[in-house]
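Working through the structure, step by step
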Amino acid sequence: MKSPSPLFLRTIALVKAIPKGKVLTYGEVANLVNSPGSARYVSYILSSSSKKYGLPWHRVINAKGEISEHLAQQRQKRLLVKEGVVFDFNKLSLDA
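Residues numbered from 1 in each chain as written. Predicted model: local features only at pLDDT ≥ 70, side-chain atom pairs only at ≥ 80, totals over all residues. Heavy atoms only, no water.

Glancing now at the overall build of the protein chain. In terms of regular secondary structure, the protein chain is built from four helices and four strands. The N-to-C order of helical and strand elements in the protein chain reads α-β-α-α-β-α-β-β. Against the globule reference of 12 Å for 96 residues, the protein chain gives a C-alpha radius of gyration of 13 Å, in line with a compact fold. In terms of overall dimensions, the protein chain has a C-alpha envelope of 45 × 25 × 20 Å along the principal axes. In the protein chain, buried positions account for 36% of the 96 residues. (Helix = DSSP H or I, 4+ residues; strand = E, 2+ residues; numbered from the N terminus. Rg over C-alpha atoms; globule rule 2.2 N^0.38 Å. Buried < 20%, exposed > 50% of the residue type's maximum accessible area, 1.4 Å probe, protein only.)

This is the structure in structure tokens:
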């Protein structure tokens, strides 16, 4: 079995470190792991590995400050609200 890449491991570690009640965008995660332009890879990691690695996937949002449309959209919103994240309609109110 192939071992995970350093980028994969850095991404896993960073997502695990996002505090409750805080969010990062896919692009911010990519930039913080020194891989600008890899937002889609971050999304892939979250969709394929969140369960295996116990990732707080719900704390990663799109560049518009919104929850991306997907099957778990309402679950993501519920998890964020439970952590104290405030929404203005479907967009997060990051100033609150």
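Text resumes after the structure shown.
Looking now at the packing of aromatic side chains. Evaluation of the coordinates by the stated rule reveals two aromatic pairs. Measuring from ring centre to ring centre gives 5.5 Å for F8 and Y53, while their planes differ by 65°; the resulting arrangement is edge-to-face. One end of the pair, F8, is in helix 1 (residues 6–17); the other, Y53, is in helix 3 (residues 39–53), with 45 residues separating them in the sequence. Among the residues examined, F8 registers a relative accessible area of 10% and is labelled buried. (Phe/Tyr/Trp six-rings, centres within 6.5 Å; stacked < 30°, edge-to-face > 60°.)

This next bit is on the side chain of S35. Residue placement: S35 occurs in the loop between helix 2 (26–32) and helix 3. A polar contact is formed between the side chain of S35 and the side chain of S38, at a distance of 2.5 Å. (Polar contact = N/O pair within 3.5 Å; in protein donor to acceptor, adjacent residues only side chain to side chain.)

Here we take up unusual backbone geometry. Within the chain, N34 stands out as a residue other than glycine whose phi angle is a positive 60°. By the secondary structure assignment, N34 is in the loop between helix 2 and helix 3. For N34, a relative accessible area of 64% puts it in the exposed group.

Taking 1.5 Å of rise per residue, 12 residues should cover 16 Å, and helix 1 covers 17 Å from first to last C-alpha, within 8% of that figure. When helix 1 is considered as a whole, its buried residues turn out to be L7, F8, T11, I12 and V15. Viewed end-on, helix 1 has its buried residues packed into an arc of 135°, placing them on one side of the element. Facing away from the buried side of helix 1 by over 90 degrees, the exposed positions are P6 and A17. (Expected span 1.5 Å × (residues − 1). Arc of directions from axis to C-beta.)

Right, let's get into the nonpolar core. Grouped together as the largest cluster of nonpolar side chains are 14 residues, with contacts concentrated most on V15, V29, V42, L46, L55 and V60. Among the elements of the structure, helix 1, helix 2 and helix 3 are those that each provide at least two residues to this core. In contact with L55, not counting residues within four places along its chain, are I12, V15, K16, I45, L46, S49 and S50. Listed in part, the six residues of the second largest apolar core include I61, L80, V85 and F87. (Core = buried A, V, L, I, M, F, W, Y, C linked by side-chain atoms within 4.5 Å. Contact = heavy atoms within 4.5 Å.)

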